[in-house]
Amino acid sequence: MERLDHLEHLDKDLVDELAQVARETVREELREQTRKQRRTATMYAASGAVALYAGAALALALGLALALRLPGWAAALITAGVLGVIAYVLRGMARPTASRPAVSTPTGEATPAGHDGVIGGTVPAAPYPPVPSAPPVAPGVPGTGAAGAGEADPEAPHRRIR
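For every chain, the first residue of the written sequence is number 1, and numbering continues from 1 onward in sequence order. In keeping with the model being predicted, local features are shown solely for residues with a pLDDT of at least 70 and side-chain atom pairs are shown and tallied solely at 80 or more, while totals for entire chains, interfaces and linings include all residues. Processing note: side-chain calculations cover all non-hydrogen atoms of the structure and skip hydrogens and water entirely.

Novice: Could you give me a rundown of a nonpolar patch on the surface, with the residues and numbers involved?
Specialist: Patch membership requires over 30% relative accessible area and the absence of a salt bridge. Like charges are linked within 9 Å, and nonpolar side chains (Val, Leu, Ile, Met, Phe, Trp, Tyr) within 5 Å. Computed by Shrake-Rupley with a 1.4 Å probe, the accessible areas treat only the displayed protein chains as cover when residues are assessed. The term salt bridge refers to a pairing of a side-chain nitrogen on Lys or Arg with a carboxyl oxygen on Asp or Glu at a separation within 4 Å. A contiguous nonpolar patch, built from Leu62, Leu70, Ile78, Val82, Leu83, Val85, Ile86, Tyr88, Val89, Leu90 and Met93 and spanning about 1,000 Å² of accessible area, is present on the exposed surface. When residues in the nonpolar patch are grouped by element, the largest group, 9 residues, is from helix H3 (residues 72-94). Here a helix means four or more residues in a row that DSSP labels H or I, a strand means two or more in a row labelled E, and each is numbered from the N terminus. Considering the arrangement of structural elements, one finds Val85 in helix H3.

In structure tokens form, the structure reads like this:
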């Protein structure tokens, strides 16, 4: 065994070196992914800004076209109304529960999606089966059936004696 004791420091150095190489590799991969994601996010932001200006130019063109036949204030008011309706429709389309069909609850009642107080319009599963309102009756078996039939009242220990 004494022959291998001098190799113990080599194992530790090897493990440390492997861990350092693994850290550097992971770090470099994360940097590359971050660069790609940053580039993609920049392109999305730029396309959104250009689309905003395109929408503004379209609204201006609509207002100018209407201003050929109407006074300027009326054309601007109509353009604002059209943009408001478009914004309302887009907002309705963006809501996640707007296009979902009615869902049924565990009791069998149908409720409109999104109006049951649950995110996404789904009804969660019951955590446990419903408890029957009365215990089962088994003739001749103590503890089943009504308490007045000569059996002990299960609520007796909980009642206060006056």
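Novice: Give a description of the environment of Ala75 that names residues and reports values.
Specialist: By secondary structure assignment, the location of Ala75 is in helix H3. Judged by relative accessible area, Ala75 falls into the buried class, the value being 1%. For the pair Ala75 and Leu60, spaced 15 residues apart in sequence, the C-alpha to C-alpha distance is 10.0 Å. Apart from residues no more than four positions distant in its own chain, Ala75 is found in contact with Gly63, Leu66 and Ala67. Exposure classes here rest on a 1.4 Å probe applied to the protein chains alone. A residue is buried below 20% of its type maximum, exposed above 50%, and partly exposed in between. A contact between two residues is defined here by any heavy atoms of the two lying within 4.5 Å.

Novice: If you had to explain a negative patch on the surface to someone new, which residues and values would you point to?
Specialist: Within this scheme the basic residues Lys and Arg register as positive and the acidic residues Asp and Glu register as negative, but His and the chain ends are omitted. The location of each charge is read from NZ of Lys, CZ of Arg, CG of Asp or CD of Glu. A cluster of acidic residues, Asp11, Asp13, Asp16 and Glu17, forms a negative patch at the surface. Among the structural elements, Glu17 can be located in helix H2 (residues 8-67).

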